[in-house]
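Results of the structural survey
The lines below spell out each chain.
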Amino acid sequence: PPIPVRPPATDDIRTWVRGADVPDTAVIDTLSDKQLGRAIAHHKMILQLQQDWWRDPDTGKPTACTVMATACVKLKGYSYLDCQIVKPDKARWEGHVLQLPVGKCKGMYPWNLRRLLQLLHNNPRTIGDRTLTSADGLDDINLLEPDPKHHRAALKHPRLAPFWRESAGEEMDGLWRRGCFKKWRIKDLTEEQRQHVFGSRFHHKIKRHTKTGVVKSLKIRLVVMGNNMTKGEDYTDAFAPVPRATAGRILMSMAAAEDLEMHCVDFSQAFIQASWADLPEDVPQIFIRPPA
């Protein structure tokens, strides 16, 4: 059964003026319309709207759309959520926006944010609920969005933090599951082995489609900090066994000549799929500290 979330004290709620002040554990039903709207806008959350929620100004027909919350404004005593339409693509390119009431507005727009969360987002209890933070699709991310320089910066991103956190978990789970790690205690290492203990860090990469620039995934890789290694002692050569474009062209030429079908396969964590028997016998044993 789900663990009940205890609503925070009323005094604490009154101090949440900005969207950044509202914690992920805040219960939605205890928040005012202004607090809820500002929290949703701060995290740039993605919301799915059914076709009767928005009318395409070009065609005049009700159309389903996907929007990203950008700001919370006050109009005539009511709180509204300013949303940028990210799907359909044409509406995004033309810069169409939508204003969604946060709560009920008498005699006005029949739909509102609270009703949307109940009907289409599985009625989340808290701001940090999975149904809110893990939105489907990343194609609305700005083309100029940079790769995080370190993991702390990635986890501070108001919208992408849940995706980076999930990617880091997948990376570590895969490495443990495939037997890449063995846990050691520092006190169990010899003096010589302690000379080969190195740090590690997460490398973040926003992967995009080559032609469109649309984001297709957020990737994290665990890397050893080789800047602290000494060549000739800790390693001899640095190489990446990646096929060149020439090899791909040769395979396609052979398939065309023989009238064969080609299939594309994407391996998860392909760089650790090599056989241990292919490694030289004199590879030194190194130890790494987990990333901070």
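So, here is what we can say about the structure in this document. (Residues numbered from 1 in each chain as written. Predicted model: local features only at pLDDT ≥ 70, side-chain atom pairs only at ≥ 80, totals over all residues. Heavy atoms only, no water.)

Describing the side chain of His204
One can find His204 in strand E6 (residues 200-208). We classify His204 as buried; its relative accessible area is 3%. Reaching out from His204, the side chain makes a polar contact with the side chain of His151 at a distance of 3.0 Å. Within the local environment of His204, its side chain forms a polar contact with the backbone oxygen of Phe202, the two atoms lying 3.5 Å apart. For His204, the contacting residues outside a window of four places in its chain are Asp147, Pro148, His150, His151, Ala154, Trp164, Lys219 and Ile220. (Helix = DSSP H or I, 4+ residues; strand = E, 2+ residues; numbered from the N terminus. Buried < 20%, exposed > 50% of the residue type's maximum accessible area, 1.4 Å probe, protein only. Polar contact = N/O pair within 3.5 Å; in protein donor to acceptor, adjacent residues only side chain to side chain. Contact = heavy atoms within 4.5 Å.)

Considering unusual backbone geometry
One can expect most non-glycine residues to show negative phi and most peptide bonds to be in trans. The phi torsion at Lys76 lies on the positive side, around 55 degrees, for a residue other than glycine. Mapped onto the elements, Lys76 comes out in the loop between strand E2 (65-75) and strand E3 (78-87).

Thoughts on the sheet that holds strand E4 (residues 97-101)
Pairing is antiparallel in the open sheet, where four strands are placed in the order E1-E2-E3-E4. A single partner strand is all that each edge strand has here, and the edge strands are strand E1 (46-49) and E4. Adjacent strand axes in the sheet meet at a mean angle of 45 degrees, parallel and antiparallel pairs treated alike. When E2 meets E3, the two strands line up antiparallel, connected through nine bridges. (Pairing = 2+ DSSP bridges. Axes fitted to C-alpha atoms, helices over the stretch in contact; angles between N-to-C directions.)

Points about the packing of aromatic side chains
Ring pairs (aromatic) are described by centroid distance and by the angle formed between their planes. Taken as a whole, this structure holds two aromatic pairs when the rule is applied. Ring geometry for Trp176 against Phe181: centres 5.2 Å apart, planes inclined by 75 degrees, an arrangement best described as edge-to-face. Judged by its relative accessible area of 42%, Trp176 is partly exposed. Residue Phe181 is classed as partly exposed on the basis of its relative accessible area of 24%. Consider the rings of Trp184 and Phe287, whose centres lie 5.4 Å apart with planes at 80 degrees: the pair is edge-to-face. Placement of Trp184 in the loop between helix H7 (161-177) and strand E5 (197-198) and of Phe287 in strand E8 (residues 287-288) is noted, with a sequence separation of 103 residues between them. Taking the relative accessible area as the measure of exposure, Trp184 reaches 36% and is therefore partly exposed. According to the relative accessible area criterion, Phe287 is buried, its value standing at 8%. (Phe/Tyr/Trp six-rings, centres within 6.5 Å; stacked < 30°, edge-to-face > 60°.)

Describing the pattern of salt bridges
Applying the stated rule across the entire model yields four salt bridges. For Arg18, the salt bridge identified is with Asp21, shortest N-O distance 3.1 Å. For Arg18, a relative accessible area of 55% corresponds to the exposed category. Between Lys205 and Asp147 there is a salt bridge; the shortest N-O distance is 3.6 Å. Of the two residues, Lys205 sits in strand E6 while Asp147 sits in the loop between helix H5 (130-133) and helix H6 (151-155), which places them 58 residues apart along the sequence. Looking at Lys205, the relative accessible area reads 41%, which means it is partly exposed. (Salt bridge = Lys/Arg side-chain N within 4 Å of Asp/Glu carboxyl O.)

A closer look at the nonpolar core
Residues Leu36, Leu81, Leu113 and Ile127 are the most contacted members of the largest nonpolar core, which totals 31 residues. Mapped by element, the contributors of at least two residues to this core are helix H2 (33-42), E1, E2, E3, E4 and helix H4 (113-120). Residues within four places of Leu36 in sequence aside, it is in contact with Ile28, Leu31, Val102, Leu113, Arg114 and Ile127. Phe202, Ile206, Leu218 and Leu222 belong to the second-largest nonpolar core, a separate cluster that totals 14 residues. (Core = buried A, V, L, I, M, F, W, Y, C linked by side-chain atoms within 4.5 Å.)

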